[in-house]
Amino acid sequence: DTGVSQDPRHKITKRGQNVTFRCDPISEHNRLYWYRQTLGQGPEFLTYFQNEAQLEKSRLLSDRFSAERPKGSFSTLEIQRTEQGDSAMYLCASSLGLDTGELFFGEGSRLTVL
Amino acid sequence: GDSVTQMEGPVTLSEEAFLTINCTYTATGYPSLFWYVQYPGEGLQLLLKATKADDKGSNKGFEATYRKETTSFHLEKGSVQVSDSAVYFCALSDLVTGGGNKLTFGTGTQLKVEL
């Protein structure tokens, strides 16, 4: 399968723990995006990368959140000191470096904070 | 800021019925408009798009027309099938001013099509 893959698909953690999600984009795509989706809501933009450069971060991305894309390939999203309000689906998407609006999404990583 | 409002679901239809899912938007600048679809167990995927006023996007029998005067982009299909059951998201992006494919989504509308 050559689509966007995310790991793990589901993570259950206790409040205060750190979690990390990984995203592998489509190989020829140089842009990578993270979105968050809570129940009953649409996806909300968190951040995006062009190659290894993080070009934009949403105000939703508090200082407990950090995203990296060290070699311009896969990306990680880390959440430190998780809170119950962090429970959500974290979506990764990738695209070519063209402003067409077409993003290719993975199936998401669901985080449950107890 | 930019926002998208969709009709609430779930929408339940019989097979071969006509579908309309309403979408209106608020944006500064010149947004492009999109419909994304999420089938059960799959990631979101682009269904159709329109980049300027009066453009019509179409795909798989679905259509939507960019109406600047009413700030709307309603999704329509003349005859739905059970396989169309999914969640549909309306979205916008300001591609002209370098939105970088950053999308603003509506809340989604679940469609259930029954035999």
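The residue numbers shown here count from 1 along each chain, following its written sequence. The order in which chains are written sets their letters, starting at A; the order in which ligands are written sets their numbers, starting at 1. pLDDT decides what is reported in this predicted model: residues at 70 or higher carry local features, side-chain atom pairs at 80 or more are listed and counted, and totals for whole chains, interfaces and linings draw on all residues regardless. With hydrogens and water excluded, all non-hydrogen atoms of the structure serve as input to the side-chain values.

Draft legend 1. Local environment of the state of the cysteines. Note on terminology: pairs of cysteine sulfur atoms within 2.5 Å are recorded as disulfides. Tallying each qualifying case throughout the model produces two disulfides over all chains. In this model Cys 23 of chain A forms its disulfide with Cys 92 of chain A; the gap between the sulfur atoms is 1.9 Å. With the S-S dihedral at roughly -70°, the linkage between Cys 23 of chain A and Cys 92 of chain A falls on the left-handed side. Of this pair, Cys 23 of chain A sits in strand E3 (residues 19-24) while Cys 92 of chain A sits in strand E9 (residues 88-95), and the two are 69 residues apart along the sequence. Residue class for Cys 92 of chain A comes out buried when judged on its relative accessible area of 0%. Through a disulfide, Cys 23 of chain B is tied to Cys 90 of chain B; the S-S separation comes to 1.9 Å. For the disulfide bridge between Cys 23 of chain B and Cys 90 of chain B, the dihedral angle about the S-S bond is near -70°, and by the sign convention the bridge is left-handed. Here Cys 23 of chain B is found in strand E4 (residues 23-26), whereas its partner Cys 90 of chain B is found in strand E10 (residues 86-93), with 67 residues between them in sequence. For the purposes of this entry, the term helix denotes a DSSP run of H or I that reaches at least four residues, the term strand denotes a run of E that reaches at least two, and both are numbered from the N terminus. Think of it in three bands: residues with accessible area under 20% of the maximum for their type are buried, residues over 50% are exposed, and the middle band is partly exposed, with areas taken using a 1.4 Å probe on protein chains only.

Draft legend 2. Main features of the sheet that holds strand E8 (residues 75-79) of chain A. Residue and element names in this part refer to chain A. The rule for pairing is simple: two strands pair if DSSP sees at least two bridges between them. An order of E1-E3-E8-E7 is seen for the four strands of this open sheet, with the pairing classed as antiparallel. The strands lining the two open edges of the sheet, one partner per strand, are strand E1 (5-7) and strand E7 (65-68). Neighbour-to-neighbour, the strand axes of this sheet turn through a mean angle of 15°, independent of strand direction. For E7 and E8, the ladder comprises four bridges, and the chain directions are antiparallel. The residue of E8 that forms the bridge with Glu 68 is Thr 76. Axes here mean lines fitted to C-alpha atoms, for a helix over just the part in contact, with angles spanning 0 to 180 degrees between N-to-C directions.

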